[in-house]
Amino acid sequence: MSAFSRFTPLANALPSTVPFVGPEAIERQRGFQVKARIGANENGFGPAPSVLAAMRVQAGEIWKYNDPENYELREALANHLGVGIDSIAIGGGIDELLGQIVRLVIEPGAPVVTSLGGYPTFNFHVAGFGGRLVTVPYASDREDLDGLLAAVKRENAPLVYFANPDNPMGSWWDADSVVAFARALPETTLLILDEAYSETGPAGSLPPISALIDLPNVVRTRTFSKAYGLAGARVGYVISTSGTARAFDKIRNHFGMNRLATIAALAALKDQAYLAEVVASIHDARDRIAAIATANNLVPLASATNFVAIDAGRDGTYARAIVDGLMQHGVFIRMPGVAPLNRCIRVSVGPEADMALLEEALPQVLKTLG
């Protein structure tokens, strides 16, 4: 079927694709039912009961637009983090914010530095705005800070992306190293410090807010999708200097936030006791995944996230066969898309029923593969 004839040259050159194939699409395409949804880095433990109660109470107000200034949520986050309200910008998950950042900074052809095998949605946005990706391979299964810095300086790049803790490997850098990297960057390079997994990392992996809040060329992106269990609500936020954070007002969709999602985020932020319980459950589930991997002669990598990367010991073809084999048992997992990281499979945390299905299916799949 023909398409409209006057799309931009850039749009015409882009593939019609999305960065991730969801479990729903796999069910439609392959006819398998997902029984254990442990592949999308969601939090299968779900949000706090207090969050669900707040959403039910406010459901009748959904006829109203959300406050276009997102004032209440910005204020709550500012108080929680100890920054001024103007240092916070709100968006529909980190993914939307990444697109806004690229739009703010990148012109067609401009170099953008990231890690080879890093978060694909960021690359998707860079391509969508005509940027030129400059990639740096991982070193010892974590992002290469020296390599990223060297690439920034070599390319005079206006934008660099670095996730800590990291997706897809679950690895991390200590806070001092992160701060040193940020402060070594040229003032003309904006750092996206993606901290989607900030709540699940070990002590000492997360720089204090005060360590970077004075740098206008650093934006820290965080989310309610992971530890808070609100991936479907799509609520993310940026922490930066007030001048940088307010730049988002120039381009964002001011009525883009979901009213009930905002209610959910406010309630989640208040219930820090539940957050502590869930983080403990995430740590326990990581240990369970590691034990299942070890029992099957696979090597779990240390993780600071809500998933565990597991070294399958061979190559991407073998890892893909494990992913496909588990899907035949209804167990949805993923794998990194770039060698040599794609020797691994990646399993998200989940409740006991999901872990039990993984424990039952994995040895059967491995036995079939030989």
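Residues numbered from 1 in each chain as written. Predicted model: local features only at pLDDT ≥ 70, side-chain atom pairs only at ≥ 80, totals over all residues. Heavy atoms only, no water.

**Some thoughts on the overall build of the protein**
Alright, step 1. If you tally the helices and strands in the protein, you get 13 helices and 12 strands.
Alright, step 2. Relative to the 2.2 N^0.38 estimate, which gives 21 Å for 370 residues, the radius of gyration of the protein is 21 Å and therefore close to what a compact globule would have.
Alright, step 3. Projected onto the principal axes, the alpha-carbon positions of the protein cover approximately 55 × 55 × 55 Å.
Alright, step 4. By the burial criterion, 53% of the 370 residues in the protein qualify as buried.
Alright, step 5. Relative to all contacts within the protein whose residues are 6 or more apart in sequence, the contacts with residues 24 or more apart total 74%.
Alright, step 6. Here the protein has roughly 16400 Å² of accessible surface; of this, 54% comes from carbon and sulfur atoms.
Alright, step 7. Once the 31 positive and 37 negative side-chain charges of the protein are each reduced to a mean point, those two points are 5 Å apart. (Helix = DSSP H or I, 4+ residues; strand = E, 2+ residues; numbered from the N terminus. Rg over C-alpha atoms; globule rule 2.2 N^0.38 Å. Buried < 20%, exposed > 50% of the residue type's maximum accessible area, 1.4 Å probe, protein only. Contact = heavy atoms within 4.5 Å. Areas by Shrake-Rupley, 256 points an atom, 1.4 Å probe, with all protein chains shown as cover. Lys, Arg positive; Asp, Glu negative; His and termini not counted. Charge placed at Lys NZ, Arg CZ, Asp CG, Glu CD.)

**Observations regarding unusual backbone geometry**
Alright, step 1. Cis geometry marks the peptide bond from Asn 164 to Pro 165, where omega comes out at -5°.
Alright, step 2. Although it is not a glycine, Asn 156 adopts a positive phi angle of roughly 50°.
Alright, step 3. Considering the arrangement of structural elements, one finds Asn 156 in the loop between helix H7 (145–155) and strand S5 (159–163).
Alright, step 4. With a relative accessible area of 58%, Asn 156 lands in the exposed category.
Alright, step 5. The phi angle at Asn 297 is positive, at roughly 65°, despite the residue not being glycine.

**Digging into the sheet that holds strand S4 (residues 132–136)**
Alright, step 1. The strand order S2-S8-S7-S6-S5-S3-S4 describes an open sheet built from 7 strands, whose pairing is mixed. Every other strand in the sheet has two partners, leaving strand S2 (88–91) and S4 as the edge strands with one partner each. Between one strand axis and the next, the sheet turns through 20° on average, direction left out of account.
Alright, step 2. Two strands pair when backbone bridges link them, and strand S3 (residues 111–115) and S4 are joined in this way by 5 bridges, in the parallel orientation. Directly across from Val 113, in S4, lies its bridge partner Val 134. (Pairing = 2+ DSSP bridges. Axes fitted to C-alpha atoms, helices over the stretch in contact; angles between N-to-C directions.)

**Some remarks on the sheet that holds strand S9 (residues 299–300)**
Alright, step 1. Across the sheet, which stays open at both edges, the 3 strands sit in the order S9-S10-S12 with antiparallel pairing between neighbours. Sheet topology places S9 and strand S12 (344–348) at the edges, where each strand pairs with a single neighbour.
Alright, step 2. When strand S10 (residues 307–311) meets S12, the two strands line up antiparallel, connected through 5 bridges. Bridge assignment links Ile 310 to a residue of S12, and that residue is Ile 345.

**As for H7**
Note on helix geometry: an α-helix contains 3.6 residues per turn, so any two residues three or four positions apart are oriented the same way.
Alright, step 1. Among the residues of H7, those classed as buried are Leu 145, Gly 147, Leu 148, Leu 149, Ala 151 and Val 152.
Alright, step 2. Buried residues in H7 make contact with S3, S4, S5 and helix H8 (175–184).
Alright, step 3. Two to three positions downstream of the cap, the backbone nitrogen of Asp 146 sits 3.3 Å from a side-chain oxygen, assigning the N-cap of H7 to Asp 144.
Alright, step 4. Phi for Asn 156, located one or two positions after H7, is positive at around 50°. (Polar contact = N/O pair within 3.5 Å; in protein donor to acceptor, adjacent residues only side chain to side chain.)

**Considering the pairing of S5**
Alright, step 1. Within S5, 5 of the 5 residues are buried, which leaves it mostly tucked inside the rest of the structure.
Alright, step 2. Residues Leu 159, Tyr 161 and Ala 163 of S5 are buried on one face, and the alternating residues Val 160 and Phe 162, pointing to the opposite face, are buried as well.
Alright, step 3. Examined bridge by bridge, S3 and S5 share 2 bridges and lie parallel to one another. Bridge pairing in S5 links Val 112 to Leu 159.
Alright, step 4. Looking at chain direction, S5 and strand S6 (residues 190–194) are connected through 5 bridges and run parallel. Bridge assignment links Val 160 to a residue of S6, and that residue is Leu 191.
Alright, step 5. Since S5 and S6 lie parallel, the crossover through H8 that links them has a hand, and here it is right-handed. (Right-handed = clockwise from strand over helix to strand, strands pointing away.)

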